[in-house]
Amino acid sequence: MGATSLGTRERLLAAAQQELIEGQGHLEMQAVARRAQVSVGLAYHHFGSKAGLIAAVVEDFYERLDEAAFGGAKLSAKNWADREKARIGVYVAFHYEHPFAPLVIGPLSRAPEVLDVETAFTGRQLAAGARMLEAAQRDGIVPAELDPHLTIALMIGGIRQALIGALTGERRPDPARLTSDIWAFMAAALRLPAGPPPTKSKATRRSRT
């Protein structure tokens, strides 16, 4: 794909995102094309249909979230618990700062156009989270008797519900306070000790991928 084609696609994604925000989850291809200053035929060429364009906008949001907080995250911390709390902080901040976030975790999450995108992203979160917990169990940080797959599913569901409440309520809670509250919930679910968690050497410390 050439530079001109890539630029057109990015303009269409940005235009569609803004149309979705202004339309509370609805858009028309003609309006997107006008905003991106391209022909409507070019919009259909890139995304096939309105449903395909909406799915692409949501997928782009999740790719940026993954880069910020998960696979591409650059988190520095003294120990495993601090790193995972920092991850939650980045996750919360991303949703607070991104104008598209309330729609993605709210109305659009139930739209048939984005079902496959939602399913794929959730699947990646669950798989990566389970691997992270399994590594923490091997390092003696998280109790071995916990089922990592069930535990991460409960945690991800709880975090999502907390964010839905925060982003759609009349007043958003302070992000630092929300991060601390979410981490307290996670720490309790993981049965982490009240004191500072053990610090692993660089040779045995594993990062989430």
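Caption draft 1: Inspection of the overall build of the protein at higher detail. Secondary structure assignment for the protein yields nine helices and zero strands. Reading the helices (α) and strands (β) of the protein from amino to carboxyl end gives α-α-α-α-α-α-α-α-α. When the 209 residues of the protein are sorted by exposure, 44% land in the buried category. Taking all contacts inside the protein whose residues are at least 6 apart in sequence as the whole, residues at least 24 apart take part in 70%. Summed over its atoms, the accessible surface of the protein is roughly 11100 Å², and 54% of this surface lies on carbon and sulfur atoms.

Caption draft 2: Looking closely at helix α7 (residues 115-138). Compared with an ideal rise of 1.5 Å per residue, which puts 24 residues at 34 Å, α7 spans 35 Å between its outermost C-alpha atoms and is within 8% of the ideal. Within α7, burial applies to Val117, Glu118, Phe121, Gln125, Ala128, Gly129, Ala130, Met132, Leu133, Ala135, Ala136 and Gln137. Turning to α7, the residues buried within the fold contact α4 (50-69), α5 (80-97), α6 (101-105) and α8 (148-168). At the exit of α7 stands Gly140, carrying a positive phi of roughly 75°.

Caption draft 3: View of the packing of aromatic side chains. Per the counting criterion, the structure on display carries five aromatic pairs. An angle of 75° between the planes, with centres 5.7 Å apart, marks the rings of Phe70 and Tyr91 as edge-to-face. Within this pair, whereas Phe70 is found in the loop between α4 and α5, its partner Tyr91 is found in helix α5, the two being separated by 21 residues in sequence. The exposure classification of Phe70 matches that of Tyr91, with both residues buried.

Caption draft 4: Structural detail: unusual backbone geometry. Of note, the phi angle at Gln24 is positive, near 55°, even though the residue is not glycine. Along the chain, the position of Gln24 falls in the loop between α1 (3-22) and α2 (29-36). The class of Gln24 is exposed, set by a relative accessible area of 57%. At Arg191, a position not held by glycine, the phi torsion is positive, near 55°. Considering the arrangement of structural elements, one finds Arg191 in the segment after α9 (175-189).

Caption draft 5: Main features of the side chain of His95. Topologically, His95 is positioned in helix α5. Taking the relative accessible area as the measure of exposure, His95 reaches 1% and is therefore buried. Side-chain polar atoms of His95 contact the backbone oxygen of Tyr91, separated by 2.9 Å. Not counting residues within four places of it along the chain, the set of residues in contact with His95 comprises Phe61, Leu65, Ala101, Ile105, Leu163 and Leu167.

Caption draft 6: Just the side chain of Glu118, in detail. Here Glu118 is to be found in helix α7. Not counting residues within four places of it along the chain, the set of residues in contact with Glu118 comprises Val58, Tyr62, Val104, Ser109 and Arg160.

Caption draft 7: Region of interest: the layout of surface pockets. Counted as a void, the largest pocket has a volume near 230 Å³. Every residue lining the largest pocket is counted, 16 residues in all, and those nearest its centre are Phe70, Tyr91, Gln125, Ile156 and Ile159. For the lining of the largest pocket, the elements supplying multiple residues, two or more each, are α5, α7 and α8. With five residues, α8 is the largest single contributor of residues to the lining of the largest pocket. Taken together, the residues that form the lining of the largest pocket break down as nine nonpolar, two polar and five charged.

Caption draft 8: Spatial organisation of the packing of α2 against helix α3 (residues 40-47). For the pair α2 and α3, the least separation of the axes is 8 Å and the interaxial angle reads 105°. It follows that α2 is roughly perpendicular to α3 by the angle criterion. Note on element contacts: α3 touches α2 through Val40, Ala43 and Tyr44, opposite Met29, Gln30 and Ala33. Residue composition of the contact of α2 with α3, grouped by class: five nonpolar, one polar and no charged.

Rules used in this analysis
- Residues numbered from 1 in each chain as written.
- Predicted model: local features only at pLDDT ≥ 70, side-chain atom pairs only at ≥ 80, totals over all residues.
- Heavy atoms only, no water.
- Helix = DSSP H or I, 4+ residues; strand = E, 2+ residues; numbered from the N terminus.
- Buried < 20%, exposed > 50% of the residue type's maximum accessible area, 1.4 Å probe, protein only.
- Contact = heavy atoms within 4.5 Å.
- Areas by Shrake-Rupley, 256 points an atom, 1.4 Å probe, with all protein chains shown as cover.
- Expected span 1.5 Å × (residues − 1).
- Phe/Tyr/Trp six-rings, centres within 6.5 Å; stacked < 30°, edge-to-face > 60°.
- Polar contact = N/O pair within 3.5 Å; in protein donor to acceptor, adjacent residues only side chain to side chain.
- 1 Å grid on protein atoms, 1.4 Å probe; cavity = no way out; pocket = protein on both sides within 12 Å on 5 of 7 lines; lining within 4 Å.
- Points joined across faces, edges and corners; volume = space filled by probe spheres on them.
- Nonpolar A, V, L, I, M, F, W, Y, C, P; charged D, E, K, R; others polar.
- Axes fitted to C-alpha atoms, helices over the stretch in contact; angles between N-to-C directions.
- Parallel < 35°, antiparallel > 145°, perpendicular 65-115°, else oblique.

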